[in-house]
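Fold and contact review
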Amino acid sequence: MKKILFGAAIMVLGLAGCNNSTCDTTATCGNDSLSNAYGDYVGLVVRRDFDSRNQGDAQASQEFLKGLQLAFSSYENNNTVAGMQVASSMLGEIDQLSQQGVNIDRAKVLEAFKKAFTADSIAPFRVEEASMQFRQMINKAMEEAEAAKAAEASKAPDAVENGKAAEAFVADAKKQNPAIQTSATGLSYLVSEEGSAPKASETSTVVVNYTGRHLNGEVFDSTDDRGPATFNLQGVVPGFREGLMLLGKGGKATLYIPGELAYGPQGMPQAGIGPNEMLVFQVEVLDVDPQ
């Protein structure tokens, strides 16, 4: 989950000391040649970049110039410029949220902003209260957006096919070895050695040898070439964590981790793991730090 930068709030603090400027922007300052050269240079650079993104759209160019002219015409008042800068930062954050599936109504944002900004006074606790409320709401909204994306991705043909392949694979494995068990979460496993107490907990740090394979037997990750791995179980996928919690020091098991307990419908393309793909791990716990 990406974090919101709250750039607008930081900018407000930075601009709190702005005062009205007495500078007349219509006055001629410096030499005209330098002014023309600066405008010409920046205009060309921005135009080149603008055209690459807007494909020479004349209307888009006029809209851009409208914003530029508004900023230049308002520059004699630092507070107006500060307001424009805060608005730009807020709109950037709103756009960032939209890209993550969280929709924000700009008109309602502006209305609420104006109400808060023009209040007669601010109670000492009000800012902290508003911050906590917003963070709680945005976290919930982003979790819901992520869940919606995952639900949609799980309907993709590859994700559906991989899910069916996982079910068939485990069913066949159980026929060959009835000792394989499946937990309430959907993790299937075969423990060959439980190891000594204490078993790992969800906050334990463990030292492990492991080999991870696709259902076709191809290895995608292994400690064989680089030596044992040490990690905290809070930092691994849910199925791997659950499987290692079945073991103590010296424990060995085979874990059949379904996609929903591994990398989900998004998969992990950089590691060659497909959407909702089941992963098979042979694991050996060498040591357990229960803390």
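Refer to the structure printed above.
Because the structure is a prediction, the values reported are computed rather than measured. (Residues numbered from 1 in each chain as written. Predicted model: local features only at pLDDT ≥ 70, side-chain atom pairs only at ≥ 80, totals over all residues. Heavy atoms only, no water.)

Turning to the overall build of the chain, a few remarks are in order. If you tally the helices and strands in the chain, you get 8 helices and 7 strands. For the chain, contacts bridging at least 24 residues in sequence account for 68% of all contacts bridging at least 6. (Helix = DSSP H or I, 4+ residues; strand = E, 2+ residues; numbered from the N terminus. Contact = heavy atoms within 4.5 Å.)

Let us now look at the pattern of salt bridges. Applying the stated criterion across every chain yields a total of 5 salt bridges. For Asp 49, the salt bridge identified is with Arg 53, shortest N-O distance 3.1 Å. One end of the pair, Asp 49, and the other, Arg 53, are both in helix H2 (residues 32–54), 4 residues apart, so they sit about a helical turn from each other. (Salt bridge = Lys/Arg side-chain N within 4 Å of Asp/Glu carboxyl O.)

Pairing geometry for strand E3 (residues 205–213) and strand E4 (residues 219–222), over 3 bridges, is antiparallel. By the bridge assignment, Gly 212 is partnered in E4 with Asp 221. The turn joining E3 and E4, which pair antiparallel and follow one another in sequence, is formed by 5 residues; a positive phi near 90° is taken by Gly 217. (Pairing = 2+ DSSP bridges.)

This part covers the nonpolar core. By size, the foremost hydrophobic cluster in this structure holds 25 residues, and its most contacted members are Phe 231, Phe 240, Leu 244, Leu 255 and Val 283. Looking at this core, the elements that each hand over two or more residues are E3, strand E5 (229–232), helix H8 (238–244), strand E6 (252–257) and strand E7 (279–289). Sorting elements by how many residues they give to this core places E7 first, with 5 residues. Setting aside its immediate chain neighbours within four residues, Leu 255 contacts Leu 187, Ser 188, Tyr 189, Gly 239, Phe 240, Gly 243, Leu 244, Leu 279, Val 280, Phe 281 and Val 283. Judged by nonpolar contacts, the second largest core, of 7 residues, contains Val 170, Ile 180, Tyr 256 and Val 280. (Core = buried A, V, L, I, M, F, W, Y, C linked by side-chain atoms within 4.5 Å. Buried < 20%, exposed > 50% of the residue type's maximum accessible area, 1.4 Å probe, protein only.)

This part takes up unusual backbone geometry. That bond from Ala 197 to Pro 198 is cis: its omega, 0°, falls within 30 degrees of zero. By the secondary structure assignment, Pro 198 is in the loop between strand E2 (188–193) and E3. For Asn 276, which is not glycine, the phi torsion reads 55° and is therefore positive. Examined against the element boundaries, Asn 276 turns out to sit in the loop between E6 and E7.

Where nonpolar side chains cluster on the molecular surface, the patch consists of Tyr 38, Tyr 41, Val 42, Val 46, Phe 64, Leu 65, Leu 68 and Phe 72 and spans about 790 Å² of accessible area. Taken together, the elements giving at least two residues each to the nonpolar patch come down to H2 and helix H3 (58–73). Summarising the element assignment, Val 42 is placed in helix H2. What makes Val 42 partly exposed here is its relative accessible area of 32%. (Patch = residues over 30% accessible without salt bridge, like charges linked within 9 Å, V, L, I, M, F, W, Y side chains within 5 Å. Areas by Shrake-Rupley, 256 points an atom, 1.4 Å probe, with all protein chains shown as cover.)

At a minimum axis distance of 10 Å, the contact between H2 and H3 shows a crossing angle of 135°. In terms of orientation, H2 and H3 fall into the oblique class. For the crossing formed where H2 meets H3, the hand is right-handed. For the pair formed by H2 and H3, the contact residues are Val 46, Phe 50 and Asn 54 on the first element and Ala 60, Ser 61 and Phe 64 on the second. Among the residues making up the contact of H2 with H3, the classes are represented as 4 nonpolar, 2 polar and no charged. (Axes fitted to C-alpha atoms, helices over the stretch in contact; angles between N-to-C directions. Parallel < 35°, antiparallel > 145°, perpendicular 65-115°, else oblique. Left-handed = near helix turned anticlockwise from the far one by under 90°. Nonpolar A, V, L, I, M, F, W, Y, C, P; charged D, E, K, R; others polar.)

With that settled, consider the packing of helix H4 (residues 78–99) against helix H5 (residues 106–117). The N-to-C vectors of H4 and H5 enclose an angle of 135°; their axes lie 12 Å apart at closest approach. Here H4 lies oblique to H5, going by the angle between them. As for how H4 packs across H5, the hand of that crossing is right-handed. Facing Val 86, Met 90, Leu 91 and Ile 94 of H4, the residues of H5 in contact are Arg 106, Val 109 and Phe 113. Across the contact of H4 with H5, the residue classes break down as 6 nonpolar, no polar and 1 charged.

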